[in-house]
Structures are given as C-alpha cells and as structure tokens.
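Coordinate analysis (summary)
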Amino acid sequence: MCETGKTKVAFSAMLQKGGEAYGPFNKDIILAYNKVFTNIGDAYDSCTGIFTAPVAGAYHFTFFYHSGGEHPSKLRLFKNCERIVMTSDLKSGSDKADNGGNGVILLLRQGDQVYVRMAAKGYVWGDDYTTFNGFLIS
Amino acid sequence: MCETGKTKVAFSAMLQKGGEAYGPFNKDIILAYNKVFTNIGDAYDSCTGIFTAPVAGAYHFTFFYHSGGEHPSKLRLFKNCERIVMTSDLKSGSDKADNGGNGVILLLRQGDQVYVRMAAKGYVWGDDYTTFNGFLIS
Amino acid sequence: MCETGKTKVAFSAMLQKGGEAYGPFNKDIILAYNKVFTNIGDAYDSCTGIFTAPVAGAYHFTFFYHSGGEHPSKLRLFKNCERIVMTSDLKSGSDKADNGGNGVILLLRQGDQVYVRMAAKGYVWGDDYTTFNGFLIS
C-alpha cells in the first residue's frame, strides 16, 4: 500500500502571557499554551491546552519550561487521566533560574488526549520559554 | 518506489526504580530504563538499556533526567563504544534540584547500539523523570 | 500519490571548541555548531550555524546547552529575523552548573533560515554538551 493520504499531525505552542511569572495558582491547571507556531491537523486546542489524537499512531512529545526560584515548578504530561512523565524544580533562595523539560513517545488511540498539567503553588515563565510540541511519527 | 513495508522503529522508556535516588554506584552503568511506553520494532531492550538499530537509517534520540544536589549527575549517550553527547550537573549544597537533557540525530548501520551511561558516583531520580527516547526518521 | 522521491532532511551538530567555556563575547553571535553528526540534504552550514530549508514543510528543532555559573547563558532560536523560543540561565555564585534546552516545530518555506543566537556577555560549554538538531517531519 502506498502512503497516499497519510494523515499528517504536528503541533507546537508556547505560553505567551505577557509577563515573566505565570502562576502560582491555588490548584493544578492544564497549561493552555496560547502562542501556536504549528497545528497541522488542528488537533491541538490552544484554549484548553489539550491535544486530541485525530488518528491512532505513535506520537512524539516534548515540553520545556523556564522559571525563577521564588516558587517551585512542577509540570507533568498526562495521557487522558494517566500520569506519564514530569519535570520539576524546587523553590530556591540561591538559584534564581531553573530550566527543565522532558520527552516521550506514546502509542495513542484515536481520541486519546495529551496535555501538560502544572501543579498548584508552582509557576513557570510566561514568555518565550515554556513550550509543548508533538507530532505523529507513524 | 512506494513506502510499502517501510520499517517503523520507535521506543520510549523511563527509569522506574521505586524511589527518588537511583545511585550512586561505584562504577559507570548503562541505564536500563525499565518502564517501557513504546517499543515499535522491539529494538530497545529494557533489561540492558541498549537500543539496537534493526535497519540502517537516521535516528532521533533524546534523553532527560532529574536529580537532587547531594551527588553529581553525569549521563552520556553512546553509539557503540563512541561517546556522542552528554548532560550533567555538579554536587551542590544550595541547589536541591537539577534537570538536564540532550538530543542528537545519528546515522546508524543495522546492528549499531545506542545507550545512555551514568558515570560512577553520580545519581538520577528513579521515578517519573528520567527518560530515553528514539525513533527512525528515514 | 506515492512517497516516491520524498526529500529527506535532517541535521545534528554540536559545539566542539576544545575547552569548557565558549564565550563570553562582546556581542550576540550565531552559534556555529562545528561537530556535525548528521547532515542529510546538506542544509545545515557548520561554518555559519545556519540551517536553510531546502523544501517547504514542517520541521522539528531542538537545542540544548550546558554551562557554568560564572556568566549568564542566553540562547534563542530564530526563524529568519524572528525570535521564536529561548532558553537561559543567570549568573550564579552558588550553582556551578546549568542546563537548558527547548524545542519547536516550525512551518518553513523553501529558503527560510533557522539558527541559534547566543546573547552577548553569556557563554556555554564548548564540548560534548551544546547541540542543535532538526529534521523534516512532512
């Protein structure tokens, strides 16, 4: 069979909230990365921050953040309600800048949802740094 | 020629060792990421931590870790016996959390092996954070 | 239509400058990652550090760095003259090692240029750590 009509899916988005700190909030929130660079297949929703797989397949995801040390940072990638991988840093009086990220390849069924949740009481930088990317490998 | 029968290869795995610290050990070890998310083509061996290319091609790899500051962390991606790229952090009394990662695209021959080695006397976090991912681009 | 003749594009390169610190310099510079692992399509120029898209499409980029704390580090990925995403860390007396990275997927036209610029007065490690990778998804 030829690759005719193969569905292409790729998205890439960044938090762009107009200031340095985004958070802390008093409860966990899904990060709604609102500056969209790419959304082939229109499967990423920048209002909710949720990617919904339009077709079954293997998807590659990465997410990165930057923050300061005044509050902790804890981001976790979920598949539906399942915790998959995370990145975090602690509050620190001495280290004024933190970076982190992670990546994973997941086998998704059509309709599976993937998103990044930020834990309550933490924060990330809201401009230029904090990103969420994914694409269909096969 | 059509893409008929194109071999798909992708793996993604995480250290899941049931506690925070994995290490330090008194010698270098290959990290055997034991929680396997994806293993299309069955080319990643979670007992050894070694990925063996089933076909020649260009492969994309990423690896990420998290650790505390009580010990250093030094991870290096190898292709067979060749050092390729690394990520590391020093012991630190003041900064209690460290993140790092790296990525590379390598041209592999069939049978080439790729893995991540952690240097002696260092450690990484053994749950939710420390990952190794790869897939065949072409 | 079959995938016959599909152009494959992928590059991966690392700074290899023979010492730990690369910089600081008194002005912004484009990082010319000079140790080339992969350059399918010959679209990455290791003399200038600039990737020029040979065909239109969706491209996936990652970049990672390591540095010490004696100077800040600030790296930003550009598309032509447009700032896209960045990673950075501050000067720090207490935290002697910094890691960072970011990723993005961009829709490029043929001839669009992508590169990483390091801000004046900052530095990164010039061996084994600091990488720039990209490939054509579709």
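Residues numbered from 1 in each chain as written. Chains lettered and ligands numbered in written order. Predicted model: local features only at pLDDT ≥ 70, side-chain atom pairs only at ≥ 80, totals over all residues. Heavy atoms only, no water.

**A short note on the pattern of salt bridges**
Applying the stated criterion to the full structure yields 9 salt bridges over all chains. The residue Asp128 of chain A makes a salt bridge to Arg76 of chain C at a minimum N-O spacing of 3.5 Å. With one member in each of two chains, Asp128 of chain A in the loop between strand 12 (124-125) and strand 13 (131-136) and Arg76 of chain C in strand 8 (residues 73-79) form a pair that bridges those chains. For Asp128 of chain A, a relative accessible area of 23% puts it in the partly exposed group. Put simply, Arg109 of chain B and Asp112 of chain B hold a salt bridge, and the shortest N to O gap is 3.0 Å. (Salt bridge = Lys/Arg side-chain N within 4 Å of Asp/Glu carboxyl O. Helix = DSSP H or I, 4+ residues; strand = E, 2+ residues; numbered from the N terminus. Buried < 20%, exposed > 50% of the residue type's maximum accessible area, 1.4 Å probe, protein only.)

**Points about the relation of the copies chain A and chain B**
Between chain A and chain B, the superposition needs a rotation of 120° and an axial shift of 0.0 Å, giving an RMSD of 0.0 Å. Taken together, these values place the two copies in the relation of a three-fold axis. (Least-squares fit on C-alpha atoms with pLDDT ≥ 70 in both.)

**Things to note about the interface of chain A and chain B**
One frequent convention defines the size of an interface as the accessible area lost when the parts assemble. With 30 residues of chain A in contact, the opposing surface of chain B contributes 25 residues. The junction of chain A with chain B conceals about 2,200 Å² of combined surface from both sides, 60% of it contributed by carbon and sulfur atoms. Seen at the junction of chain A and chain B, the total is 1 salt bridge. Our count for the contact surface shared by chain A and chain B stands at 11 residue pairs in polar contact (both at pLDDT 80 or more). Elements supplying a minimum of two residues to the side of chain A that touches chain B: strand 7 (57-67), strand 9 (82-89) and strand 10 (98-108) of chain A. Take the side of chain A that touches chain B: its biggest share by element is 9 residues, from strand 10 of chain A. Partitioned by chemical class, the residues of the side of chain A that touches chain B number 15 nonpolar, 11 polar and 4 charged. (Contact = heavy atoms within 4.5 Å. Buried area = accessible area lost by both parts, 1.4 Å probe. Polar contact = N/O pair within 3.5 Å; in protein donor to acceptor, adjacent residues only side chain to side chain. Nonpolar A, V, L, I, M, F, W, Y, C, P; charged D, E, K, R; others polar.)

**With respect to the interface of chain A and chain C**
Chain A puts 25 residues into the contact, and the matching count from chain C is 30 residues. Summed over both partners, the interface of chain A with chain C comes to about 2,200 Å²; 60% of that surface belongs to carbon and sulfur atoms. Considering only the surface of chain A that becomes buried against chain C, Phe64, Asn99 and Tyr129 of chain A emerge as the three largest contributors, covering 23% of it. On inspection of chain A and its partner chain C, the count reaches 1 salt bridge. At the boundary of chain A with chain C, the tally comes to 11 residue pairs in polar contact (both at pLDDT 80 or more). Going through the elements one at a time, strand 1 (10-14), strand 4 (35-40), strand 7 and strand 13 of chain A are the ones with two or more residues in the side of chain A that touches chain C. Here the side of chain A that touches chain C is composed, by residue class, of 10 nonpolar, 10 polar and 5 charged.

**Comments concerning the packing of aromatic side chains**
Overall, the coordinates contain 45 aromatic pairs over all chains when judged by the stated rule. Both rings, one in Phe51 of chain C and one in Phe61 of chain C, keep their centres 5.7 Å apart while their planes meet at 70°; by these two values the pair is edge-to-face. With Phe51 of chain C in strand 6 (residues 50-52) and Phe61 of chain C in strand 7 (residues 57-67), this pair connects stretches of sequence that are 10 residues apart. Site record: aromatic cluster; members linked through ring pairs are Phe11, Tyr33, Tyr44, Phe51, Tyr59, Phe61 and Phe132 of chain A. (Phe/Tyr/Trp six-rings, centres within 6.5 Å; stacked < 30°, edge-to-face > 60°.)

**Details of unusual backbone geometry**
Residue Pro24 of chain A is bonded to the preceding Gly23 of chain A through a cis peptide linkage, with omega at 0°. Mapped onto the secondary structure, Pro24 of chain A falls in the loop between strand 2 (21-22) and strand 3 (29-30). The phi angle at Lys121 of chain A is positive, at roughly 75°, despite the residue not being glycine. On the basis of relative accessibility, which here comes to 62%, the residue Lys121 of chain A falls in the exposed class. At Asn80 of chain B, a position not held by glycine, the phi torsion is positive, near 55°. Assignment of secondary structure puts Asn80 of chain B in the loop between strand 8 (73-79) and strand 9 (82-89). Judged by its relative accessible area of 25%, Asn80 of chain B is partly exposed.

**Brief notes about the sheet that holds strand 4 (residues 35-40) of chain C**
Residue and element names in this part refer to chain C. Strands sit in the order 4-1-13-7-10 across an open sheet of 5 strands; the sheet is antiparallel. Only two strands of the sheet have a single neighbouring strand rather than two, namely strand 4 and strand 10 (98-108). Each neighbouring strand pair of the sheet contributes to a mean axis angle of 5°, computed without reference to strand direction. (Pairing = 2+ DSSP bridges. Axes fitted to C-alpha atoms, helices over the stretch in contact; angles between N-to-C directions.)

**Some words on the environment of Leu31 of chain A**
Residue and element names in this part refer to chain A. Topologically, Leu31 is positioned in the loop between strand 3 and strand 4. Here the alpha-carbon distance between Leu31 and Leu15, two residues 16 residues apart in the chain, equals 7.9 Å. Each residue touching Leu31, except ones within four places of it in the same chain, is listed here: Leu15, Tyr22, Tyr44, Thr48, Gly49, Leu75, Val116 and Met118.

**Structural notes on the sheet that holds strand 1 (residues 10-14) of chain B**
Residue and element names in this part refer to chain B. The 5 strands lie next to each other as 4-1-13-7-10, forming an open sheet whose pairing is antiparallel. Lying at the two open borders of the sheet, with one neighbouring strand each, are strand 4 (35-40) and strand 10 (98-108). The mean angle between the axes of side-by-side strands here comes to 5°, regardless of whether they run parallel or antiparallel. With 5 bridges connecting them, strand 1 and strand 4 associate as antiparallel partners. By the bridge assignment for strand 4, Phe11 is matched with Asn39.

**Here we look at the side chain of Thr62 of chain A**
Residue and element names in this part refer to chain A. Assignment of secondary structure puts Thr62 in strand 7. Of the residues examined, Thr62 reaches a relative accessible area of 1% and is grouped as buried. If we ignore the near neighbours within four places in the chain, the residues touching Thr62 are Asn102, Gly103, Thr131, Phe132 and Asn133.

**Topic: the pairing of strand 7 (residues 57-67) of chain B**
Residues and elements named next belong to chain B. Counting buried positions along strand 7 yields 11 of 11 residues, so the element is predominantly enclosed. Both strand 7 and strand 10 contribute to a ladder of 11 bridges, which runs antiparallel. For Phe61, the partnering residue across the bridge sits in strand 10 and is Val104. Note that strand 7 and strand 13 (residues 131-136) share 6 bridges and pair antiparallel. Paired with Phe63 across the two strands is Phe132, which belongs to strand 13.

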